[in-house]
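Each chain is listed here by its residues.
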Amino acid sequence: MTTATLDAVPLCAALGRLLLEAPDAATDPEAAREYVRLFLNPQGAPCPPWQSVWEEDPGARRLLGPAHHGALGWYREFGFAPNLDSEPADHIGLLLLFYAMLLDRETPPAQVAAFEKQHLAWVPRFAAALQQQARTDVMREAAEVLGELFPGA
Amino acid sequence: MSLTRRNLFRLSGAAGLLGAANPLSAFDQFFRAADPTLAASTKVTTCCGICSPACGLQATVQDGVVRFIEGLPNDAHGEGHLCGKGAAGAQFLYDPDRLKYPMRRTNPKKGFGEDPGWERISWEQALDTIAAKMKETVDAYGTESLLFVTLPSPDLWARFMNAMGVVNRIDHIDVCFQTDRIVQRYTTGGKTWCNDFENSKYILLFGWDLVAKAKVVYANGIVKARGNGAKVVHFSPTYTTTSRMASEWHNINPGTDLAVALAMIQVILSEQLYNKEFVDNFTNFAQYESQIRAHFAQYSPAWAAGISGVPAADIQRIAREFAASGGGIVPAHKKTLCANYMNATQLVHAISILNMLAGTIDRPGGRYFPRTYSVPGVDAVYPPPAYPPKSGRRVDGRDKLPLVQETDTGLFSTLADGMLNKFPDMIKFAFWNAYTILAFPNPKTMEQAMAKVDFTVVMDFIPTDTVTMADIVLPSAMYLETSDVVVRDYNAKYPQAVARAAVATPIFETRTAGYVAIELGKRLCPDYFKTPDGAWINPNTLLDEKVKRAGLGTNFADFRAKGIVENRAAFTPRTSFATGDANNKCQIYVPQFAARGAEALPLWHPKREMPTEHYPLYYLTFIPGIHKRNTTQNNRILNEIMPTNAAILNPALAARLNIREGQMVLVRSRVGQIGLPAHLSETVRPDAVMVAHGFGHQSRLLGAAGGRGVRDGDLVPEASIDDFVAAGNYGGASCIMDAVCSVEPLS
Ligand code: SF4
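Every chain begins its residue count from 1, and numbering advances along the sequence as written. Just so you know, chain letters begin at A and ligand numbers begin at 1, following the order they were written in. Given that the model is predicted, a residue must reach a pLDDT of at least 70 before its local features are reported, and side-chain atom pairs must reach 80 or more before they are shown or counted; all residues, however, enter totals for whole chains, interfaces and linings. Excluding hydrogens and water, the side-chain values take into account all heavy atoms of the structure.

So, the packing of helix α1 (residues 8–20) of chain A against helix α4 (residues 92–104) of chain A: which residues are in play, and what are the values?
Residues and elements named next belong to chain A. Remark: α1 packs on α4, axes separated minimally by 7 Å, with the N-to-C direction vectors making an angle of 160 degrees. Between α1 and α4, the interaxial angle falls into the category roughly antiparallel. In the packing of α1 onto α4, the handedness of the crossing is left-handed. Residues A8, V9, C12, A13, L15, G16, R17, L19 and L20 of α1 touch α4, and the partners they reach there are I92, G93, L94, L96, L97, Y99, A100, L103 and D104. Asp, Glu, Lys and Arg are counted as charged, while Ala, Val, Leu, Ile, Met, Phe, Trp, Tyr, Cys and Pro are counted as nonpolar; the rest, among them Gly, fall into the polar class. Looking at the contact of α1 with α4 residue by residue, the class counts come to 14 nonpolar, two polar and two charged. Convention adopted: a line fitted to C-alpha atoms gives each axis, helices being fitted over their contacting stretch, and angles between N-to-C directions are expressed from 0 to 180 degrees. Helical segments are the DSSP runs of H or I of at least four residues, strand segments are the runs of E of at least two, and each set is numbered from the N terminus. Put simply, angles under 35 degrees are roughly parallel, angles over 145 are roughly antiparallel, angles from 65 to 115 are roughly perpendicular, and the rest are oblique. Note on convention: near helix rotated counterclockwise from far helix by under a right angle means a left-handed crossing. Clockwise means right-handed. Contacts are residue-level and defined by heavy atoms, with any inter-residue pair within 4.5 Å sufficient.

How would you explain the sheet that holds strand β20 (residues 564–566) of chain B if you had to name every residue and give the values?
All names here are of chain B. Taken together, three strands build an open sheet; the order of strands is β18-β19-β20 and the sheet is antiparallel. Because the sheet does not close on itself, it has two edges, and the strands there are β18 (484–487) and β20. The sheet shows a mean angle of 20 degrees between the axes of neighbouring strands, direction not considered. Two strands are said to pair when DSSP picks up at least two bridges between them.

Run through the interface of chain A and chain B, naming residues and quoting values.
Frequently, the measure chosen for interface size is the accessible area that the parts lose on association. Taken together, the contact pairs 65 residues of chain A with 59 residues of chain B. Roughly 5500 Å² is buried in total at the junction of chain A and chain B, and carbon and sulfur atoms are behind 63% of that figure. For this analysis, a salt bridge means a side-chain nitrogen from Lys or Arg found within 4 Å of a carboxyl oxygen belonging to Asp or Glu. At the junction of chain A and chain B, the tally comes to two salt bridges. With its nearest N and O atoms 2.6 Å apart, the salt bridge here joins D63 of chain B to R76 of chain A. Pairing of N or O atoms within 3.5 Å defines a polar contact, subject to two protein rules: one partner must be a possible hydrogen donor and the other a possible acceptor, and residues neighboring in sequence count only if both atoms are side-chain atoms. Linking chain A to chain B there are eleven residue pairs in polar contact (both at pLDDT 80 or more). A total of ten residues in the side of chain A that touches chain B trace back to one element, the largest contributor, which is α1 of chain A. Across the side of chain A that touches chain B, the residue classes tally to 37 nonpolar, eleven polar and 17 charged. Summed over both partners, the accessible area (1.4 Å probe) lost when two parts come together is defined as the buried area.

Before we move on, can you summarise the domain arrangement of chain B with the specific residues and values?
Residues and elements named next belong to chain B. Residue ranges assigned to each domain were obtained from an automatic or database domain assignment. When the domains of chain B are assigned, the result is domain 1 (178–370 + 580–595) and domain 2 (617–745). Inter-centroid distance (C-alpha atoms) of domain 1 to domain 2 is 28 Å. Facing the 23 residues of domain 1 at the interface are 26 residues of domain 2. Around 2200 Å² of area is buried between domain 1 and domain 2 when both sides are counted, 61% of it from carbon and sulfur atoms.

Tell me what's going on with the site of the ligand, and back it up with residues and numbers.
Nearness is defined per residue: one heavy atom within 4 Å of the molecule or strand is enough. Every residue close to the ligand is listed here: C48, I50, C51, A54, C55, L82, C83, K85, G86, K215 and V216 of chain B. Each residue belonging to the shell around the ligand can be placed in one class, and the counts come to eight nonpolar, one polar and two charged.

Hey, could you go over the nonpolar core for me, with residue numbers and the actual values?
Buried Ala, Val, Leu, Ile, Met, Phe, Trp, Tyr and Cys residues form a nonpolar core when they are joined through side-chain atoms within 4.5 Å. Three exposure classes are used, based on accessible area relative to the maximum for each residue type with a 1.4 Å probe and protein chains only: buried under 20%, partly exposed in between, and exposed over 50%. Counting residues in each nonpolar core, the largest one holds 120 residues, and the members touching the most others are F39, Y75, F98 and F126 of chain A together with V66, W432 and M446 of chain B. With eleven residues, the top contributor of residues to this core is α4 of chain A. Dropping the residues within four chain positions of it, F98 of chain A is found in contact with W74, Y75, F78 and F115 of chain A together with F27 and F31 of chain B. Ranked by size, the runner-up nonpolar core spans 68 residues in total, among them Y288, I315, M342 and F369 of chain B.

Structure, rendered in structure tokens:
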């Protein structure tokens, strides 16, 4: 887990946006296909970007599981809600953006640590999967940075 | 943290954020200010949509997400219970592998080993492309070149296919209840799913493992029947949960149920044991008595014993007990060991005759017709312009079987043969809606047939194998995300209607087939999708109108608030049966069958495949109780209970072949082979191998089910329409269990 510092704010925000926004196929078809292949592939995405899908217990893996409700609870507590109604609240991009906001506001470290524990503990596994699966430079770099930010236990 | 300049630079270039004046501008883009109060959870009444009884359920919903579902107390169908599939409903809804957005293939090469190079597209782009492709195809090759593999529902979807003049629509009903639908239509006046087990005195079950593998309503009915003292007799070549619940189990030779049923009819007729009051007044027995008696005289219990392995004395005794009970019933169903052999049409005709002889058609303890609300379809609410005639050739050859042709369904079993051999290159455009190729006998041939189609659209919930072959994929909404009026017809002595409510907020960009129908309709056949005042049909207004006209409420919201609407009117038995008989009687002898080249009375036919020197064993398949055909294996909860399949062998057979528990074995038939672990069980006969259906989804497709188990269908020969005609299979029984095999240990 990261040593939360203000340095992480722009990186988490950048990564959050990168992982949330599907590239436009008209302007960058290669990036668009890579995004679909990694995250939305109808043939089984290797890096599903939702925390609920990374539950330790395979039988509990699903969309919109307890992690979604947990994330919504955090957002609400700080007076926010995600803009995208159709996107689960535990999408890695939303979690990273929210985390950046927590750091930026200089939220008490205990609270930041609680958020990390509840919602970012799976990120090292996700980063490792992304590192292994990414085929474009941008996604490889993103995975590397994510792995450095969240090196795991 | 040690980030290099290279990382920072690259990421900055990609995301355009690092170094920006406000690094949290992305946060403002993806979040808005919101009320910090926690959303309360609510309980919403709706109904299950996995199979047709639509058991009532209550969903606990928070923030538009279904957190828990349970049976609805006091509901006549589930009686407060859900089966395993129903209870795992939320896991279907939130399956991580659910299809989420429309996708377009970018790699033109199709095949299970190919990466289609999916590209996400908008619904507009998807619909425009599909409409253009359909138009181009019809203009160049006519409507016969379109193939729709889909049920004809919802009604808006059926309207679209009718408006386009689609002639080749195929659904799975032939591997399900088609034979019974054809037979009941002409013998008793219509297919019914209602069995009054609770009041039955004697229940005869051919094959059907109804307690484990069916509906909550039937399992409850059998349990109540036993509690009320009814006798249950089960004929089945495997010992199942139903066998255990039964008073008697008979280990019948596979595919010979027809012989036993014919002999029982012979006993009841020759010993004058039938219900005279019903048979004389409400069947055409008197009119055809001499033909009927002469016909069945040939089928003695001794003859049936020789074929079925059930002792003649037992057949005779059971026939007598059944007739004397004063309330016997013989239900018939589908992919359940008896109904899917080449002789299944004759079997369901014999079953229907047994019910008539018991005198329980639409009577207490028997098969009865549902008392229902009449809910108008879209064509009644907004009458369409005349539909174009359906012209063109039937790719499955259905037109060679006049009784099947009347049903307006299609034949899964003969589709691959039609596409590959009879009419090669005829199908240019295919639309698959929620069907996978695992549903077909010998799916390998279906794969080959699909690969030949120029353009394929697949609409589904999850990425089934079929999706691999698609040019465009459309993500489908599920029953917990959609609204509808559901009329009950499984335990319906009085009318009941339940509001299917969209309890969950639809996630991602899933849509219904009704939406696709309207949007394609606007692009291809706009006149059929307008209301009389010229506006486009609105599905919500249509739903309101249906509710109002059926007398269920002032609009859908009003109906939804009620949840279930019932009219507990008294049950009055029918005295008139719309079979086509001039006097509106039930028909034991069916002249309409004879007029269409079929059998007026059921004749003995053997099953298609019998053990041979090379393939000395019967091959039996079954659907496990916790699964619905081949569509639920990716559900993480159900998958945990049963993740894969095995070759189930009797220990005596295993000992003879030196096969141990868990050892890999090779099972072969004349069309294929499968390798899987052996599981030894006394529940299977020593002359058979049994394999569960629904497994063997291809590896890369589904997170939980992909690559697990083998396809049972790989050993079941597909059929041609000529095979059906030659075998007298006039009801198009699909033969999806009709195979024989060999087994040998591997290593
Ligand atoms: S029997 Fe099971 S799957 Fe069918 S409607 Fe009832 S709960 Fe749903």
